[in-house]
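# Overview (structure and organization)
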Amino acid sequence: MIRKILIANRGEIAIRVMRACYEMGIRSVAVFSEADRTSRHVLYANEAECIGPAPSNESYLCIDKILDVAKRHKVDAIHPGYGFLSENAEFARRCEEEGIIFIGPNPQTMIDMGDKIQARRHMIAAGVPVVPGTQDQLNSPEEAVGVCKAIGFPVMIKASMGGGGKGMRLVHRAEDVVEAYNACKSEALSGFGDDTVYIEKFVEGPHHIEFQILGDKHGNVIHLGDRECSVQRRHQKVVEESPSPFLDPELRQKMGSAAVAAAKAVGYVGAGTIEFLVDKYKNFYFLEMNTRLQVEHPVTEQVVGIDLVKEQILVADGHELTIKQEDVHQRGHAIECRICAEDTENNFRPAPGIISRLVEPHGPGIRIDSAVYEGYEIPMYYDPMIGKLIVWATCRQYAIERMRRALYEYKVAGLVTNIRYLRRIIDVPQFKEGNYDTSFIEVNQERLRPRPGFKNDSEDMAIIAAYIDYLMNYEENKPDNINENSSALNRWRAFGLQKGVLRV
Ligand code: MV4
């Protein structure tokens, strides 16, 4: 029986996992790097131990150090979160060897799905549609040219060990195949230590739609519906929602069954994701399988009302799934925005620093999964995502309106964030209409640039100006001088109006 879990991760996902542990009466053990001594995941855990210097390859990626802590703290299981060691089959195997439960699929499933040619073969055998292309690796540039001509241009040459947008080449003409083939192979070798490549027909303007699946150790697999993840920039998701506004009930049902078949084909245990490309004619194709809990899992949780981490822990502990497919229903609509410390005006470069002021949104339908607090310094060593804002409402339109409101309430001072950029995304008509695909960010580039004098910006300016005013007149603002008509906020707004920076 699982009584203590080590969380081999940091930030918001470490806390997310510990919250499930707390509710289940399970003790949590945090590991942290020297840069994370003051991180909230360290404070939240029941036990915590430093595992080394800031760089991940000297801390969060050190299998030996993590297993050493796990053994000394006598944990029953390890949760890897996402990123870091979460899809590392070697880590899963080492845990098994030490008699510690790895909360995730078995190592062989991770190996099989990490190899994209292998994954495609499994899917074909299971009757899951894959993008037309080669079933075997390519052995020469001549063979590549022949295959491309047979499939028809445009095509993509992909590294078998790639994924997430790394190690792929788009080719439009026969005369470009040899160069692309060689470039892809050498990139694959240096990036993944394996130069195996294959070819797929290029699907133009696809939607990225994924299905959440859950399997137990008794062969039961269910799916928990879909997520639309087409708002991406350079293969980084920015906004995700569930359910996808692009799917109709019939297609959703077909893709859900395909996702379950895909998971069953590889004996999947735990929470996983089947990624599909869906073209404009609503043809769908298996793309990749992610053998971990994903960043965007909360939109699914909000819509189906199931705690995915709790289910992960239960199935890892050998329990049979108690949820039947017919009991899973998507209710209402959820949207997630990834809040990042990055400068969207300067090529989205990471903007670490100290959070001097933080006001998070609250109220109906709001969920924040974050790991930051006022005074916290965002280290430069890790992903600049500082948290996730998830909203739920009864329908998509209400969810969008709620997200607008929440992004307006969200105030982070001291560093640059993408919050304003996110506000602009959800105001794009194409997003509101819900008929966007993976080209959304590129196609709407102009609309996503800041417009000087735009209402949101001037309101922020008014608040900042008024805050300075408030500080300068601190004496006057002592509690006994404040009545209903001159509360601090009203004074800030009045100041903004007086200066002409705030309309209404
Ligand atoms: C594709 C594709 C079109 N056709 N494969 C990008 C990430 C990697 N996981 C696979 N990717 C793609 N593979 C074929 N045959 C288009 C993409 C793609 C993409 C996929 C999902 C979400 C965003 C994307 C952005 C650009 C390209």
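See above for the structure.
All of the points below concern the structure found in this document. (Residues numbered from 1 in each chain as written. Predicted model: local features only at pLDDT ≥ 70, side-chain atom pairs only at ≥ 80, totals over all residues. Heavy atoms only, no water.)

Taken N-terminus to C-terminus, the directions of helix H12 (residues 396–409) and helix H13 (residues 419–427) make an angle of 160°; their axes are 10 Å apart at the nearest point. Classed by the angle they form, the pair H12 and H13 counts as roughly antiparallel. Here H12 and H13 pass one another in a crossing that is left-handed. Where H12 approaches H13, its residues Ile400, Met403, Arg404, Leu407 and Tyr408 are matched on the opposing element by Ile419, Leu422, Arg423, Ile426 and Asp427. For the contact of H12 with H13, the residue count by class is seven nonpolar, no polar and three charged. (Axes fitted to C-alpha atoms, helices over the stretch in contact; angles between N-to-C directions. Helix = DSSP H or I, 4+ residues; strand = E, 2+ residues; numbered from the N terminus. Parallel < 35°, antiparallel > 145°, perpendicular 65-115°, else oblique. Left-handed = near helix turned anticlockwise from the far one by under 90°. Contact = heavy atoms within 4.5 Å. Nonpolar A, V, L, I, M, F, W, Y, C, P; charged D, E, K, R; others polar.)

Around the ligand, 17 residues are found, and the nearest of them are Lys158, Glu200, Lys201, Val203 and Glu288. The separation between a nitrogen atom of the ligand and a polar side-chain atom of lysine 158 is 2.8 Å. Between the ligand and glutamate 200, the relevant distance is 2.8 Å, taken from a nitrogen atom to a side-chain nitrogen or oxygen of the residue. When the ligand sits alone it has 520 Å² of accessible area, and the protein chains cover 89% of it. Mapped onto the shell around the ligand, the elements with two or more residues apiece are strand S6 (155–163), strand S8 (197–201) and strand S13 (284–290). Taken together, the residues of the shell around the ligand sort by class into seven nonpolar, six polar and four charged. (Near = heavy atom within 4 Å. Polar contact = N/O pair within 3.5 Å; in protein donor to acceptor, adjacent residues only side chain to side chain. Areas by Shrake-Rupley, 256 points an atom, 1.4 Å probe, with all protein chains shown as cover.)

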